[in-house]
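The lines below spell out each chain.
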Amino acid sequence: MKAIYLSLILFALFTLAGQAQSPQQANIILIIADDAGYADFGFQGSNEFKTPHLDRLASQGMRFSQAYVTAAVCGPSRAGLLTGRYQQRFGFEENNVPGYMDHYGLDDDEMGLPPEEKTIAEYLKQLGYQTALFGKWHQGNADRFHPLKQGFDEFLGFRGGARSYFPFNQAHPTNQHERLLESGFRNFGEVEGYLAYTLANAAADFVERHQDTSFFVMLSFNSVHTPMEVEKKELGQFPELEGKRKKLAAMTVAMDKACGTLLQKIEALGLEQKTLIVFTNDNGGPSDTNGSNNFPLSGTKANHLEGGIRVPFLMKWEGVIPAASLYEFPVSTLDLLPSFWYAAGGDPSQLKDLDGINLFPYLQGKQSDRPHERLFWKKESRAAVRDGDWKLLRFPDRPAELYYLPNDISESNNLADEYPAKVKTLYKLLFEWELTLARPRWQLKRQYEGKAMKRMDQYRQ
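Just so it is clear, the model here is predicted, and its values are computed rather than measured.

Q: For this particular structure, what's the right way to read the overall build of the protein?
A: A tally of helices and strands in the protein yields 14 helices and 17 strands. Across the 461 residues that make up the protein, the buried fraction comes to 58%. When contacts within the protein are restricted to residue pairs at least 6 apart in sequence, long-range pairs at least 24 apart make up 70% of them. Put simply, the protein shows about 19,400 Å² of open surface, and 52% of that area lies on carbon and sulfur atoms.

Q: How should helix H2 (residues 52-60) be read in this particular structure?
A: Side chains that are three or four residues apart share a direction in an α-helix, a result of its 3.6 residues per turn. Restricting attention to buried positions, one finds in H2 the residues Leu-54, Leu-57, Ala-58 and Gln-60. The buried side chains of H2 occupy one side of the element, clustering within an arc of 165° when seen end-on. Of the surrounding elements, those touching the buried residues of H2 are strand S2 (62-64), helix H8 (243-268), strand S9 (275-281) and strand S11 (313-316).

Q: What is the right way to look at the sheet that holds strand S8 (residues 215-220) in this model?
A: One key point about sheets: their strands pair by backbone hydrogen bonds, in either a parallel or an antiparallel sense. Judged by pairing direction, the sheet is mixed, and its ten strands sit side by side in the order S7-S6-S5-S4-S8-S1-S9-S11-S2-S12 without closing on themselves. A strand with exactly one partner marks an edge of an open sheet, and here the two such strands are strand S7 (186-187) and strand S12 (325-327). On the sheet, H2 packs against S2, S9 and S11 and is oriented at approximately 60° with respect to S11. Here helix H11 (residues 336-343) sits on the sheet and contacts strand S1 (27-33), S8, S9 and S11; the angle it forms with S9, its principal contact strand, is near 170°.

Q: Any chance you could explain the pairing of strand S4 (residues 130-136) here in plain terms?
A: Remember that side chains alternate between the two faces of the sheet whenever the strand is regular. Along S4, six of the seven residues are buried, which leaves the element largely enclosed by surrounding structure. Where S4 meets S8, six bridges bridge the pair, whose relative direction is parallel. Bridged to Ala-132 within S8 is Val-217. Two strands pair when backbone bridges link them, and S4 and strand S5 (residues 154-158) are joined in this way by five bridges, in the parallel orientation. Looking at the pairing, Phe-134 lines up with Leu-156 of S5.

Q: Could you clarify how one ought to interpret the sheet that holds strand S3 (residues 67-68) in this entry?
A: Strand order in the open sheet formed by three strands is S10-S3-S13, with mixed pairing between adjacent strands. Since the sheet does not close on itself, it has two edges, and those belong to strand S10 (310-311) and strand S13 (331-332), each with one partner.

Q: Is there a simple way to think about the side chain of Ser-46 in this case?
A: If you trace the backbone, Ser-46 turns up in the loop between S1 and H2. With relative accessibility at 13%, the residue Ser-46 sits in the buried group. Within the structure, the side chain of Ser-46 is placed 3.0 Å from the backbone nitrogen of Phe-49, a separation counted as a polar contact. In contact with Ser-46, other than residues within four places in its own chain, are Ala-39, Asp-40 and Phe-41.

Q: Looking at this structure, how should I read the pattern of salt bridges?
A: Where side chains of opposite charge bring their charged atoms close, a pairing between them can arise. Using the criterion set out here, one finds 31 salt bridges in the structure. For the salt bridge of Lys-265 with Glu-208, the shortest nitrogen-to-oxygen distance reads 2.8 Å. Residue Lys-265 is located in helix H8, and its partner Glu-208 is located in helix H6 (residues 195-209); the two are separated by 57 residues in the primary sequence. Assessed through its relative accessible area of 21%, Lys-265 is described here as partly exposed. Glu-208 sits in the partly exposed class, given a relative accessible area of 37%. Residue Glu-272 pairs with Lys-316 through a salt bridge whose shortest N-O separation is 2.9 Å. With Glu-272 in the loop between H8 and S9 and Lys-316 in strand S11, this pair connects stretches of sequence that are 44 residues apart. Per residue, the accessibility class of Glu-272 equals that of Lys-316, and both read buried.

Q: Where do I start with the confidence of the model for the protein in this structure?
A: It should be kept in mind that the predicted coordinates are not to be read in detail where pLDDT is low. Averaged over all residues, the pLDDT of the protein equals 90, while 88% of them reach at least 70. For the stretch residues 1-22, pLDDT sits under 50, and the model shows eight contacts to residues farther than four places along the chain or on other chains. Contacts for the low-pLDDT stretch residues 446-461, under 50 throughout, to residues beyond four places or in other chains number 13 contacts.

Q: Looking at this structure, I do not really get the packing of H2 against H8. What am I missing?
A: The geometry of a pair of packed helices is captured by two quantities: the angle between their axes and the separation between those axes. It is at 7 Å that the axes of H2 and H8 come closest, and there the two elements cross at 50°. Accordingly, the angle class assigned to the pair H2 and H8 is oblique. Of the residues in H8, those touching H2 at Pro-52, His-53, Leu-54, Arg-56, Leu-57 and Gln-60 are Asp-256, Lys-257, Cys-259, Gly-260, Leu-263, Gln-264 and Glu-267.

Q: Whenever I open this one, the environment of Glu-182 confuses me. Can you help?
A: Within the fold, Glu-182 resides in strand S6 (residues 182-183). Glu-182 gets classed as buried once you look at its relative accessible area, which sits at 5%. What Glu-182 contacts, discounting residues up to four positions off in sequence, is His-146, Phe-155, Leu-156, Gly-157, Arg-159, His-177, Asn-187 and Phe-188. Of the polar contacts made by the side chain of Glu-182, one reaches the side chain of Arg-159; its length is 2.8 Å.

Reading the values: rules and limits
Residues numbered from 1 in each chain as written. Predicted model: local features only at pLDDT ≥ 70, side-chain atom pairs only at ≥ 80, totals over all residues. Heavy atoms only, no water. Helix = DSSP H or I, 4+ residues; strand = E, 2+ residues; numbered from the N terminus. Buried < 20%, exposed > 50% of the residue type's maximum accessible area, 1.4 Å probe, protein only. Contact = heavy atoms within 4.5 Å. Areas by Shrake-Rupley, 256 points an atom, 1.4 Å probe, with all protein chains shown as cover. Arc of directions from axis to C-beta. Pairing = 2+ DSSP bridges. Axes fitted to C-alpha atoms, helices over the stretch in contact; angles between N-to-C directions. Polar contact = N/O pair within 3.5 Å; in protein donor to acceptor, adjacent residues only side chain to side chain. Salt bridge = Lys/Arg side-chain N within 4 Å of Asp/Glu carboxyl O. pLDDT = per-residue confidence, 0-100. Parallel < 35°, antiparallel > 145°, perpendicular 65-115°, else oblique.

Given below as structure tokens:
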């Protein structure tokens with residue numbers, strides 16, 4: 001009899017453990033910073049910047065020491081994250097920003113996430129989720145690229161890559177429609193106050209309205225992207241700093257407060273055990289333009305050194321992801337879509353043609369190997385590949401560089417001359433991957449038809 005009771009107890013414990021490891025229909029919150037420095041958070045070791053709400057999130061969940069984005073600039077990085085696919089597979093290889101028209105021969109509004117590509121929001125709607133995007137889109141200005149046509153039920157934000165943190169009005173005008181704050185397809189009417197707080201308040205309101213359903217919230221800050229704008233009250237917290245660093249610290253503390261608004265709403269509603277929360281950044285900090293600090297990484301936004309592509313990354317799910325834990329193998333923002341699909345109760349084996357993987361077996365200790373043996377990056381002729389702990393960078397104007405990251409996180413000791421066979425092997429891996437990609441989507445159709453022909457006519461004269 002005792003053996004029977006013991007068996008029943010063990011079975012009950014096993015069942016409960018299985019439920020904790022494979023929960024169903026979690027709410028999902030994805031918070032994305034914009035252009036933040038790798039070292040500019042307390043949980044990343046900063047003694048200058050104040051980020052108490054995000055530091056607390058890190059203490060409650062898991063921090064990732066080797067998290068990567070798919071591109072070193074905003075638009076392509078977000079395209080990869082949203083689709084779980086290398087964005088080069090559908091030609092979204094470069095930023096879609098005003099000023100590129102002359103280079104690409106396309107109107108800026110024609111550059112966007114192809115409507116046939118399926119986003120995280122579209123996947124989750126299949127499982128009954130209510131979905132919302134608050135903040136920066138940067139996946140195309142034309143109406144056919146609009147987030148409401150890409151799986152989001154609600155949208156409060158702006159379509160472009162950057163805008164003011166303060167309301168546009170007669171005294172502070174703009175003539176660029178993609179910078180205007182919208183609610184759905186209409187101009188929302190610029191709200192009063194600092195934009196980070198506006199977005200967070202809207203996200204918290206959405207959570208409260210949908211607390212009895214399953215929801216996906218993407219809180220996509222433009223903080224701390226330029227322009228360097230912040231309220232004076234935040235500047236006063238950093239008397240020891242000057243110039244861009246002072247403004248950046250103030251912008252960061254404002255973003256952290258905004259994150260706190262949403263995180264506290266989850267707690268107040270008692271949704272912590274039912275909510276997966278992720279915080280990350282869209283690319284490395286552009287230290288030249290906003291004073292960000294990527295230490296100990298070399299490089300900045302727009303290049304493939306670690307400082308351009310390795311980002312802060314946190315995940316919290318109470319009772320599922322261990323608190324105050326650290327994950328040290330490389331992961332990618334490509335992994336968010338399949339991981340969210342799993343957290344929503346979906347079967348990962350149903351997902352096809354994705355480059356990301358479901359992280360949960362790794363986070364829960366069911367798999368001890370690396371989620372990714374290889375990761376790739378490409379922007380025109382510049383490219384990089386990470387194979388295990390080796391990393392090759394390819395340049396159009398000089399020899400490739402080779403680094404062994406465990407011994408050289410700052411990429412200061414180029415080993416290409418010492419290991420030519422490894423260089424050859426990684427070049428081959430990179431070429432093989434490139435054969436699977438589409439041609440850059442808005443490069444050159446009209447450029448060939450128009451500008452290139454004009455240059456040929458000049459040569460004939």
